[in-house]
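# Structural overview for review
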Amino acid sequence: MISLFIDTCLSDVSISLLKNNKILSYISNNIPGEHSIYVTKYIENILKENKIDPKEVNEIVVVNGPGSFTGVRIGVTIAKMFAYLTKIRIVTITSLKARVIGRQSNYLLSMIDAKHDNYYVGLYDKNYNKIKEEFMSKDLLDALVKKYNPLIVGEKDKYLIEDIVKYTNNQKNENPHSINPIYLKLPEAMEKNDKRV
Amino acid sequence: MKDIYILAIESSCDETSMSIIKNGSVEIATVVLSQIDIHKNYGGVVPEIASRNHIENITIVLEELLQKANMKTENITAIAVTYGPGLIGSLLIGVQAAKTISLVTGKPLIPVHHIAGHIYANNLEKRLSFPLIALVVSGGHTELVYMNEDYSFKKIGGTLDDAVGECYDKVAKVIGLEYPGGPKVDKLAHLGKNTYNLPYPLNDNSYNFSFSGIKSAVINLVHNEKQKGNTINKENLCTSFQDRITTVLVKKTINALKEYNVNNLIVAGGVSANIGLRERLEEECKKNNINLSFPRLSYCTDNAAMIGAAAYYAYKKGIIADQTLTAKAVDNLYNQKFI
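What counts, and at which threshold
Residues numbered from 1 in each chain as written. Chains lettered and ligands numbered in written order. Predicted model: local features only at pLDDT ≥ 70, side-chain atom pairs only at ≥ 80, totals over all residues. Heavy atoms only, no water. Helix = DSSP H or I, 4+ residues; strand = E, 2+ residues; numbered from the N terminus. Rg over C-alpha atoms; globule rule 2.2 N^0.38 Å. Buried < 20%, exposed > 50% of the residue type's maximum accessible area, 1.4 Å probe, protein only. Contact = heavy atoms within 4.5 Å. Areas by Shrake-Rupley, 256 points an atom, 1.4 Å probe, with all protein chains shown as cover. Pairing = 2+ DSSP bridges. Axes fitted to C-alpha atoms, helices over the stretch in contact; angles between N-to-C directions. Expected span 1.5 Å × (residues − 1). Polar contact = N/O pair within 3.5 Å; in protein donor to acceptor, adjacent residues only side chain to side chain. Phe/Tyr/Trp six-rings, centres within 6.5 Å; stacked < 30°, edge-to-face > 60°. Lys NZ or Arg CZ within 6 Å of the ring centre and 35° of its normal. Left-handed = near helix turned anticlockwise from the far one by under 90°. Nonpolar A, V, L, I, M, F, W, Y, C, P; charged D, E, K, R; others polar. Domains from an automatic or database assignment. Buried area = accessible area lost by both parts, 1.4 Å probe. Salt bridge = Lys/Arg side-chain N within 4 Å of Asp/Glu carboxyl O. Arc of directions from axis to C-beta. Right-handed = clockwise from strand over helix to strand, strands pointing away.

### Focus on the overall build of chain A
In terms of helices and strands, chain A carries 6 helices and 9 strands. By the compact-globule yardstick of 16 Å for 197 residues, chain A fits well, its C-alpha radius of gyration being 17 Å. In terms of overall dimensions, chain A has a C-alpha envelope of 50 × 40 × 30 Å along the principal axes. Counting across all 197 residues of chain A, residues that qualify as buried make up 52%. Long-range contacts, defined here as pairs at least 24 residues apart, represent 63% of the contacts in chain A between residues at least 6 apart. Accessible area of chain A: about 9400 Å², with a carbon and sulfur share of 48%.

### Focus on the sheet that holds strand β5 (residues 89–93) of chain A
All names here are of chain A. With mixed pairing, 5 strands are arranged side by side in an open sheet as β3-β2-β1-β4-β5. The sheet terminates laterally at β3 (22–30) and β5, the two strands that pair on one side only. Taken over all neighbouring pairs, the strand axes of this sheet differ in orientation by 15 degrees on average, direction set aside. Against the sheet, helix α1 (residues 35–49) touches β1 (2–7), β2 (12–19) and β3, its axis set at about 20 degrees to β2. Strands β1, β4 (59–63) and β5 of the sheet are contacted by helix α2 (residues 69–86), whose axis makes an angle of about 160 degrees with β4.

### As for unusual backbone geometry
All names here are of chain B. Cis rather than trans, the peptide bond between F130 and P131 has omega equal to -5 degrees. Mapped onto the elements of the fold, P131 is located in the loop between α4 (114–120) and β6 (132–137). In this chain, Y179 is followed by P180 through a cis amide linkage whose omega measures -10 degrees. Among the secondary structure elements, P180 is positioned in the loop between α5 (164–174) and α6 (182–189).

### Observations regarding the pairing of strand β6 (residues 107–113) of chain A
All names here are of chain A. Two strands pair when backbone bridges link them, and β6 and strand β7 (residues 118–125) are joined in this way by 7 bridges, in the antiparallel orientation. The residue bridging M111 from the neighbouring strand is V121, located in β7. If you look at the hairpin formed by β6 and β7, you'll find 4 residues sitting between the two strands, and K115 has a positive phi there, around 70 degrees. The pairing of β6 with strand β9 (residues 151–153) spans 3 bridges and is classified as parallel. Each residue of the ladder has a partner; that of L108, found in β9, is L151.

### Quick word on helix α8 (residues 234–259) of chain B
Residues three or four positions apart in an α-helix share a direction because the helix packs 3.6 residues into each turn. Residues and elements named next belong to chain B. The terminal C-alpha atoms of α8 lie 37 Å apart, and with 26 residues this matches the ideal 38 Å at 1.5 Å per residue to within 8%. For α8, the tally of buried residues reaches 19 of 26 residues, placing the bulk of the element in the interior. Its side-chain oxygen at 3.1 Å from the backbone nitrogen of E235, N233 defines the N-terminal cap of α8. Two residues or fewer past α8, N261 is found with a positive phi of approximately 55 degrees.

### Details of the packing of aromatic side chains
Aromatic ring pairs are defined here through the distance separating the ring centres and the angle between the ring planes. On inspection of all chains with the given rule, the structure shows 13 aromatic pairs over all chains. Between F69 of chain A and Y183 of chain A the ring centres are 5.4 Å apart and the planes differ by 85 degrees, which places this aromatic pair in the edge-to-face class. One end of the pair, F69 of chain A, is in helix α2; the other, Y183 of chain A, is in the loop between α5 (161–168) and α6 (188–196), and 114 residues separate them in sequence. Seen from their ring centres, Y151 of chain B and F153 of chain B are 5.0 Å apart, and the 75 degrees between their planes marks the pair as edge-to-face. Of the residues examined, Y151 of chain B reaches a relative accessible area of 4% and is grouped as buried. Residue F153 of chain B is classed as buried on the basis of its relative accessible area, which comes to 10%. A network of ring pairs unites the aromatic residues Y120, Y151, F153, Y312 and Y313 of chain B as a single cluster. R52 of chain B extends its terminal NZ or CZ atom over the ring of Y183 of chain A, reaching a point 3.5 Å from the ring centre.

### Comments concerning the packing of α2 of chain A against helix α3 (residues 88–105) of chain B
Put simply, α2 of chain A and α3 of chain B touch, their axes get as near as 9 Å, and they point 35 degrees apart. As for how α2 of chain A packs across α3 of chain B, the hand of that crossing is right-handed. Between α2 of chain A and α3 of chain B, the residues in contact are T70, R73, I74, T77, I78, M81, F82, L85 and T86 of chain A and L92, I93, Q96, A97, T100, I101, L103 and V104 of chain B, respectively. For the contact of α2 of chain A with α3 of chain B, the per-class residue count stands at 11 nonpolar, 5 polar and 1 charged.

### Looking at the domain arrangement of chain B
All names here are of chain B. Taken domain by domain, chain B consists of domain 1 (5–120 + 299–335) and domain 2 (128–294). For the pairing of domain 1 and domain 2, the buried interface totals around 2000 Å² over both sides, and the portion due to carbon and sulfur atoms is 69%. Together, I119, C300 and Y334 form the three largest contributors to the area buried by domain 1 at its contact with domain 2, with a combined 33%. The interface formed by domain 1 and domain 2 holds 6 residue pairs in polar contact (both at pLDDT 80 or more) in total. Listing elements by their share of the side of domain 1 that touches domain 2, those giving two or more residues are β5 (109–113), α4 and α10 (304–316).

### Focus: the pattern of salt bridges
Residues and elements named next belong to chain A. Enumeration according to the criterion identifies 23 salt bridges over all chains in this entry. Here R89 ties to E59 by a salt bridge, and the two come within 2.7 Å at their closest N and O atoms. Here R89, found in strand β5, pairs with E59, found in strand β4; they are 30 residues apart in sequence, far enough to count as distant. Residue E59 is classed as buried on the basis of its relative accessible area of 0%.

### A word on α6 of chain B
Residues and elements named next belong to chain B. Considered for burial, the residues of α6 that qualify are G182, V185, D186, L188 and A189. For α6, the arc enclosing every buried residue in end-on projection is 165 degrees, short of the 170-degree limit, so these residues lie on one face. Across α6 from its buried face, at more than 90 degrees, point the exposed residues P183 and K187. Along its buried surface, α6 packs onto α5, α8 and α9 (275–287).

### Considering the pairing of β5 of chain A
Residues and elements named next belong to chain A. The buried fraction of β5 amounts to 5 of the 5 residues, a majority that puts the element mostly inside the structure. Direction of pairing for β4 relative to β5: parallel, over a ladder of 5 bridges. Of the residues in β5, the one forming a bridge with V63 is I93. Following the backbone out of β4, through α2 and into the adjacent parallel β5, one traces a crossover that is right-handed.

Here is the structure:
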């Protein structure tokens, strides 16, 4: 079972190739603003390095946000097109949940800076069941931390990729057409329009 | 010679489009998914919303295309994509999709400049004859281009500020026509009289254009009349506005044809659907014995068929990209050799 793991949500891009949940190779680079140039190149390189044809990949695990809108879209576009063409299994996991997988605590909280004192926040129980995944202010985040006393995972903490891919083994296969980014935030123009209404 | 089938992708603005073109001139199938109804609510294209829609549609459009063409990606010779210019977030979806198709199928990737595509929309009607001059008029471009052979572009002149289509849309907005208002201005122009006193935009002997002045003139005129409590005769205003625009466009185009001693003119881009412009050009070209070509109406606006047509000639010139191809919001058509 060959799995391709793709995460392009933040400036740290992570591409891994796994065989039966064990990493064969991985590329992890900080390339702010350059995802559109390098991500497919990394995938091409990692496949060549392991002498694996794109058609021999059995599944794609893609992190589908939240994060930088453009960054998220790059990984998701590649993943859904790849899976559509090769008709392989594809599963998604949010960037918030991916950060807590493999870590142990009664409650786990992951957070990503969404600028202007706002955060993307994910809160999970010890079995990684979602309690909340939301865009929120720092005040609400502080209240959440106070209430649950969770283990906090930040955006600089590395993914435990083997654990993540293993965790997604039990997830249902998704339809590439309906795989889309999780933004947790409306485009500005829509927020303004909503307020007008 | 073996037939060349190009799968082309265009996503530079608010249309998600894919097409399969055989040998640069035969359309096998095309799918265009327009987001116009979504952006109408905002009075113009909202880039972030456009990107979100492109990603939702990208594999669905491909599936529809392959079904319509009754083809598989294995039957395709190469993949082509608009890499720029356009809205960066929109372009990126098409470029990433194209790179992924190229990676998975092992087929070559051809980067196509959006304006080259508009020009080659004419090749889907009739094989281009050289040398030619192309008048490119759209919401983002106003240019006069000289070509002495396939996929060789020399800029003769262009707009110094707004594009002509942009000017039409803004004028439409000022007089209360719904986005996209450009075609509505053209329609009203045929119902009115040339009564308003508007300037001729950059009516000199150069091949450059400037449309911000006439745009401001229309805005001021509308405001002044409103303050005086007068109503605007929309039809007459549109007729007067369209007269100034087409007069200058046609005059400069005919001058360029004469100076470069060229008797083939092609018109390209969204504004080539403008009936007023078509009528004036037809009249002048007939007078001056010039062969005039327009794209069919459905190919005046953004579509992937034109990208597939242009890509065939780019491919024959050896223009191939690798997996590091990226989208460019702004790019010069005239440096194509350096890709």
